[in-house]
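Listed below are the residues making up each chain.
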Amino acid sequence: RDFDDPHIGCPLLVTASPVFDERGRVVATIHIAKDISELKKAEQDRLALQTQLAQAQKMECVGQLVSGVVHDFNNLLGAIIGFSDLILMAEPATSKVCDNVKQIKEAGLRSATLVRQLLAFSRKQVLDMVPVKIDPLIENLTKMLNRLLGGEMRLDFHLNSGDNVILADPVQMEQVIMNLVVNARDAMPDGGSITIRTTTIMLDEKQAEHLPGLNSGQYIQLTVSDTGLGIKPEDRARLFEPFFTTKGVGKGTGLGLATVYSIITQHKGWVDFESEFGTGTIFRILLPIDRHHSQMIDGQREDTVLPTGHETILLVDDEPLIRSVIRKLLDSLGYKVLEAASAKEALQIVDLHHETIDLLMTDVVMPEQRGTVLVEHIKNRLQRIKVLFISGYADERIALSGILIPEINFMSKPITLQKLSKKVRQILDDQEN
């Protein structure tokens, strides 16, 4: 018999054997009690590992599914967003057509966000790590967050992390904050308040021991708290599971908090929560301060005037739809565009126009020849040419291409007019590129 006796203080395995006399009657019993604390602990560890393995397998399966379709999906989104941008440039801002197209573009951008969420929690998303100051990043989200919340909820900020810098992907960090705020909003159907705080803390070795994956040192602490319904005890263990949601049918994907957890762990951080049902919830995030970087690359502000140019760009992409929309976007910015559907066509164009081509813009993954190989061939003929890689893939296939290093220019699909105009002008103006 296996039982825990609170008076003994440890779990015991007790076996009982009868003792018979010469007539076969039971005259006594022998009881043997064995401390099975270690066995119990081993069993709990085994169950925990099984749970972790099942979770990892679930994430891997979904990740494989997502990464398998994300290239085609990003190409389609690129066409939706790109052609929307072209119509918005041509139509008066006050026209009904313009308003409808804005809604189409917004739907495309939201779809792209959903793809990033799926990739993030499955750890298939390629991170663009740069020095980031968290307080300005949050401040730049203020208008968007207030639009999400509407008029029935109050949003307070107490941002005190100063000039401290973390090494992070700004887009992914925005996603974390947005997901936590949306989660807080949904926990307050009758209204309430949300508070976002940042500060710096120092963890000593003893404190770090209790926070998996963290070392001692300085951290930025980000908290998002709400006055909502709180989390039921039976839901707490599953809160960061992908596809787990406490919302009604059709009201949640179950990816929000799973995405937060995956992004933060990829950033070598820590996330947890405190909640009492009926009294609200606090999500707490720790991110290591990076002392090697003191400047922030602010990719959040959008200028109203798009940078333009007159240079010649060779565009190489095997997808006719994407090639068409990117060419038209570049045309609208004033550039002369030469198109190629394959590496072979690109090399033929280089032979004819090599003196006038200023920038090669090429897809990374193409059927006959990868973009990286094409660049090597073109560089042998035209050493001064500048290069911009583009891709609808966002997983290890891109990382293995060797283009995700600071010296290489890369832009992921879907491509917006704003992003394209800035990136192309930056590369062309860079004297060291």
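Since the model is a prediction, treat every value here as computed from it, not as a measurement. (Residues numbered from 1 in each chain as written. Predicted model: local features only at pLDDT ≥ 70, side-chain atom pairs only at ≥ 80, totals over all residues. Heavy atoms only, no water.)

### With respect to the confidence of the model for the protein
In the predicted model, the protein carries a mean pLDDT of 81, and the fraction of residues at 70 or more is 81%. Mean pLDDT in the protein bottoms out at helix H11 (residues 396–399), which sits at 51, and peaks at strand E11 (residues 312–316), which reaches 95. A low-confidence stretch, residues 295–302 stays under pLDDT 50, and its non-local contacts, those more than four residues away or across chains, total 16 contacts. (pLDDT = per-residue confidence, 0-100. Helix = DSSP H or I, 4+ residues; strand = E, 2+ residues; numbered from the N terminus. Contact = heavy atoms within 4.5 Å.)

### Structural notes on the sheet that holds strand E15 (residues 410–412)
Read across the open sheet, the 5 strands follow the order E12-E11-E13-E14-E15; overall the sheet is parallel. In the strand order of this sheet, the two ends are held by strand E12 (336–340) and E15, each with one partner. The sheet shows a mean angle of 20 degrees between the axes of neighbouring strands, direction not considered. Here E11 runs beside E12; their pairing, made up of 5 bridges, is parallel. Along E12, the bridge assignment pairs Val316 with Ala340. (Pairing = 2+ DSSP bridges. Axes fitted to C-alpha atoms, helices over the stretch in contact; angles between N-to-C directions.)

### Overview of the nonpolar core
In this structure, Leu145, Ile177, Leu180, Ile194, Ile196, Ile264 and Ile285 are the most contacted members of the largest nonpolar core, which totals 38 residues. With 7 residues, helix H5 (residues 170–186) is the largest single contributor of residues to this core. Once residues lying within four places of it in the same chain are set aside, the contact partners of Leu180 are Val224, Leu257, Val260, Phe283 and Ile285. (Core = buried A, V, L, I, M, F, W, Y, C linked by side-chain atoms within 4.5 Å. Buried < 20%, exposed > 50% of the residue type's maximum accessible area, 1.4 Å probe, protein only.)

### Structural notes on the environment of Tyr261
Looking at where Tyr261 falls in the secondary structure, it is placed in helix H7 (residues 256–266). The partly exposed category is assigned to Tyr261, whose relative accessible area is 37%. Separated by 85 residues in the primary sequence, Tyr261 and Val176 place their C-alpha atoms 8.6 Å from one another.

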